[in-house]
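Examining the three-dimensional arrangement
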Amino acid sequence: MAIDLKLIDKLLGDYKKPEDIIGKNGLLKQLTKALLERAMQAEMSEHLGYGKHDPAGNNSGNSRNGKTTKTLKGDFGEMPLETPRDRSGSFEPKMVAKGQTRFTGFDDKILSMYARGMSTREITGHLEEIYGVEVSPTLISNVTDAVKDEVTAWQNRPIDAVYPILYLDALYVKIRDTGHIQNRAIYVAIGVNMQGRKEVLGLWMGQAEGAKFWLQVLTELNNRGLRDIFIACVDGLKGFPEAIETVFPKTQVQLCIVHLLRASLNYVSWKQRKQVAADLKPVYRASTAEEAQLRLEEFAIKWDRPYPTIAQMWRRNWDHVTPFFAYPAEIRKVVYTTNAIESLNMSLRKVIKTRGSFPTEEVAMKLLYMGLEHIAQKWTMPVQDWKAALQRFAILFGDRLPAEAPG
């Protein structure tokens, strides 16, 4: 729609500084108010079937009945708005709905800030500073509570039957419970689907990370449609492999190398961490399990005296380290380098780090879900070198590939 430039020039006749246009009471705010009120008057005319002051409205059974004033909150700050009424009370404006007190998109700003980990106090201060809008903590809570139904639907949605790779891990949050602060484990499952895209399958909260709880998680995934996993990448939790094999007996359990490295370095002084990490690299970068065994023995000869626990830890978990070496380079690369769960947990920790603790488990899950939605928006591309890996999966697990698997 073309806009009359002469009209614009007329409106800008008194323009002297940017605030005259975009300021608290600037031209844009005045125009927005005038347009909204004019649009609602037009909606009223359409609803009644005749225009204002039109004789056709005489004895029509319904007519205009003054106006009500409401205040809308949004990017322009607070804006008083006059909404027309009809005598029968049947008019339902579309431009600004009954009961609406915030501009379309204003709630999205609150949700976006909340998803980035901003506290209620920070959101309140930001909206007041930037837009001149006073927003109560109750309003922010009500807006964010609207996602609770989304969380429930998302957590119970059907999932794919096959995920070539599944990452399982837990992170911790603090919950205030009857005056005490307690740690809660948040269980996270990420699948890499047949198209090579990462997908969070769910979030679960438990008292602490344990194999029994993971068994419940895996059973729930199975009930939601998951039938097969080729490789499950997990941490070194005792009983974890058995829990996976109980529900998915064909799945190859692979110990997460990053977890093992981190656990190894926990025993090392800060000055020697870099060298120890460098000396462990030939172990997990070996071409075969036999070569990895030789490199581990070389590591033990050099480091057993100051840090005997490290080599012992690798030997103790060797049965779930060595499957990695049976895979070709294409599969090793996507399993190891994507390391999706570590990346996700790091992002989620950034979201929750501003909160010392949460008042309830529900509030914590709400924030984690919203943070997850924000993070997952970046997951638009398949993991690197996925096609090469998928070809290898087809050779190794061809009888287990779904019929509609991508070529």
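Predicted model, so just to flag it, every value in this text is computed and none were measured.

As for the sheet that holds strand β3 (residues 162–177)
A sheet is described by the order of its strands in space; here 5 strands give the open sequence β5-β4-β3-β6-β7, paired in mixed fashion. The open sheet has two edge strands with one neighbour each: β5 (198–206) and β7 (252–255). Averaged over all pairs of adjacent strands, the angle between strand axes in this sheet comes to 25°, irrespective of strand direction. Summarising the sheet, β3 and strand β6 (residues 228–234) pair through 5 bridges and their orientation is parallel. Across the sheet, residue Leu166 finds its bridge partner in β6, namely Ala232. Against the sheet, helix α8 (residues 211–223) engages β3, β4 (180–192) and β5, with an angle of about 135° to β5.

Focus: helix α16 (residues 361–376)
When the terminal C-alpha atoms of α16 are compared, their 22 Å separation across 16 residues agrees well with the 22 Å that a helix rising 1.5 Å per residue should span. Residues Val363, Ala364, Met365, Lys366, Leu367, Leu368, Tyr369, Met370, Gly371, Leu372 and Ile375 constitute the buried set of α16.

Here's the deal with the pattern of salt bridges
On inspection of all chains with the given rule, the structure shows 10 salt bridges. With its nearest N and O atoms 2.8 Å apart, the salt bridge here joins Arg184 to Glu361. You can see Arg184 sitting in strand β4 and its partner Glu361 sitting in helix α16, a full 177 residues away along the chain. The residue Arg400 makes a salt bridge to Asp228 at a minimum N-O spacing of 2.8 Å. With Arg400 in the segment after α17 (386–396) and Asp228 in strand β6, the pair connects residues that are 172 residues apart, well separated along the chain.

Reading guide: rules and limits
Residues numbered from 1 in each chain as written. Predicted model: local features only at pLDDT ≥ 70, side-chain atom pairs only at ≥ 80, totals over all residues. Heavy atoms only, no water. Pairing = 2+ DSSP bridges. Helix = DSSP H or I, 4+ residues; strand = E, 2+ residues; numbered from the N terminus. Axes fitted to C-alpha atoms, helices over the stretch in contact; angles between N-to-C directions. Contact = heavy atoms within 4.5 Å. Expected span 1.5 Å × (residues − 1). Buried < 20%, exposed > 50% of the residue type's maximum accessible area, 1.4 Å probe, protein only. Salt bridge = Lys/Arg side-chain N within 4 Å of Asp/Glu carboxyl O.

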